[in-house]
Amino acid sequence: MSEKVTTATIRKMKAEGTPITMLTAYDYSMAKIVDDAGIDMILVGDSLGNVVLGYDSTLPVTVDDMVHHVRAVCRGVSRAMVVADMPFMSYQVSLEEAVRNAGRLMKETGAHAVKLEGGREFAGAVRAIVNAGIPVVGHLGLTPQYVHQLGGYRVQGKDTAAAEKMIDDALALEEAGVFALVLECVPSPLGRLITEKLRVATIGIGAGPHCDGQVLVVNDLLGLYPGHTPRFVKKYANLHEQVNGALKQYIDEVRERSFPGPEHSFTMSEEVLKKLY
Ligand code: KIV
């Protein structure tokens, strides 16, 4: 449990059929909690854009945003493997830019791998980054960076042509050198089929129970949002309600002057006080 998780660990877990656990984190405190809980992989996802920065998509997230947050996460992690998402347009323009930006994410943060979205059309970028010595995780299915092309956030690979393309993309990414592949919003049987076809680990989010591992956005799992959560999310806690209750109690206690009490306050000698008065 205490040994650091590496690409070799992930390959071994796939070979031995040991489920891989992955969660997102975006800052030092949460990364520390998630790492202490014993998670195998931490993804600093570009979902950062929605979850932390308040954008309505992941498209505005920059490499600088990612560097800032991945650095904070790495400071809180001692065991898990940290994967840094490559944001929109950081690897789509040219192979050179893809390698340069992946290099920045590794050199400037302490991350152990990068993740990028897309299929066969990005096999060249994957190969170039891997050839530069950087481990890469792929991402197929619902790829939020291409939301406008996909026409919305919906389940992918439901018809024969789309499912066949996804299988072909998965094999192309494996061939290009990814050591793991995220499958997002994919029908369970397709998640299973791709998992069976690949030698590298699949990590599902809304891709059924047969993937080699599972990933969720930590804020979703903890119930930090009051609003709608996708069907594939299981809320293991309802922190929004708990945090809200705690904050309301604080506000009430300050207003009625019951906080701070003597146990939260500092004293001084009567003598000094007398002089001041
Ligand atoms: O950005 C992200 O959090 C992700 C996960 C949803 C897999 O890519």
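Residues numbered from 1 in each chain as written. Predicted model: local features only at pLDDT ≥ 70, side-chain atom pairs only at ≥ 80, totals over all residues. Heavy atoms only, no water.

## Quick word on the overall build of the protein
Just so we agree on the cut-off: Helix numbers and strand numbers start at the N terminus; a helix is a DSSP run of H or I with at least 4 residues, a strand a run of E with at least 2. Working definition: with a 1.4 Å probe on protein chains only, accessible area under 20% of the residue-type maximum means buried, over 50% means exposed, and in between means partly exposed. Residue contacts are defined here by distance: any two heavy atoms, one from each residue, within 4.5 Å place the two residues in contact. Where accessible areas are quoted, they stem from the Shrake-Rupley method and a 1.4 Å probe; at the residue level, only the protein chains shown are allowed to cover. The positive count covers Lys and Arg only, the negative count covers Asp and Glu only, and His and the chain ends enter neither. The atom standing in for a charge is NZ when the residue is Lys, CZ when it is Arg, CG when it is Asp and CD when it is Glu.
When helices and strands are tallied, the protein shows 12 helices and 8 strands. Once the C-alpha set of the protein is aligned to its principal axes, its extents read approximately 85 × 40 × 35 Å. A buried classification covers 49% of the 277 residues belonging to the protein. Taking contacts inside the protein between residues at least 6 apart in sequence as the whole, the part at least 24 apart equals 58%. Here the protein has roughly 14,700 Å² of accessible surface; of this, 55% comes from carbon and sulfur atoms. Each charge sign in the protein was given a centre, from 28 positive and 33 negative side chains, and these centres are 2 Å apart.

## Describing helix α2 (residues 28–36)
What counts, and what does not: In this description, one arc is meant: the one made by directions from the helix axis to the C-beta atoms. In protein, a polar contact requires one atom able to donate a hydrogen and another able to accept it; more generally it is a pair of N or O atoms within 3.5 Å, and residues adjacent in sequence count only if both atoms are side-chain atoms.
Regarding α2, the residues found buried are Met30, Ala31, Val34 and Asp35. What you see down the axis of α2 is that its buried residues fit within an arc of 130°, all on one side. Every exposed residue of α2 that faces more than 90 degrees away from the buried side is listed here: Ile33 and Asp36. Where α2 begins, the side chain of Asp27 points an oxygen toward the backbone nitrogen of Ser29, at a separation of 3.3 Å. Where α2 ends, the next residue or the one after it, Gly38, has phi of about 100°, a positive value.

## Regarding the sheet that holds strand β3 (residues 81–85)
Within a sheet, neighbouring strands are paired by backbone hydrogen bonds and run either parallel or antiparallel to one another. Here is the rule: For two strands to be treated as a pair, DSSP must find at least two bridges joining them. Working convention: axes come from line fits to C-alpha atoms, limited for helices to the stretch in contact. Angles between N-to-C directions cover 0 to 180 degrees.
Pairing within the closed barrel is parallel, and its 8 strands lie in the order β1-β2-β3-β4-β5-β6-β7-β8. Neighbouring strand axes in the sheet, compared pairwise and without regard to direction, differ in orientation by 25° on average. Here strand β7 (residues 201–205) runs beside strand β8 (residues 213–216); their pairing, made up of 2 bridges, is parallel. Residue pairing across strands places Gly204 opposite Gln214, the latter belonging to β8.

## As for the nonpolar core
A general trend in soluble globular proteins is that nonpolar side chains are found buried together. The following threshold applies: Throughout this description, the term nonpolar core refers to a set of buried Ala, Val, Leu, Ile, Met, Phe, Trp, Tyr and Cys residues connected via side-chain atoms within 4.5 Å.
In this structure, Ile10, Met41, Val114, Ile129 and Ile194 are the most contacted members of the largest nonpolar core, which totals 80 residues. Contacts of Ile194, omitting those with residues within four sequence positions, involve Met166, Ile167, Ala170, Leu181, Leu183 and Thr202.

## Digging into the side chain of Asn101
The residue Asn101 is located in helix α5 (residues 95–107) in this model. Residue classification places Asn101 among the buried residues on the basis of a relative accessible area of 13%. Residues contacting Asn101, with those up to four places away along its chain left out, are Val63, Met86 and Ser90.

## Side note on the site of the ligand
Rules: In this text, near means that some heavy atom of the residue lies within 4 Å of the molecule or strand in question. Think of it as three bins: nonpolar holds Ala, Val, Leu, Ile, Met, Phe, Trp, Tyr, Cys and Pro, charged holds Asp, Glu, Lys and Arg, and polar takes everything else, Gly as well.
Taken together, the neighbourhood of the ligand is formed by Thr24, Leu43, Gly45, Asp46, Ser47, Asp85, Lys115, His139, Val182, Glu184 and Ile205. Here Ser47 contributes a side-chain N or O atom positioned 2.5 Å from an oxygen atom of the ligand. The contact in question runs from an oxygen atom of the ligand to an N or O atom on the side chain of Lys115, over 3.0 Å. Out of a free accessible area of 260 Å², the ligand has 95% covered by protein chains. Considered class by class, the residues forming the shell around the ligand number 3 nonpolar, 4 polar and 4 charged.

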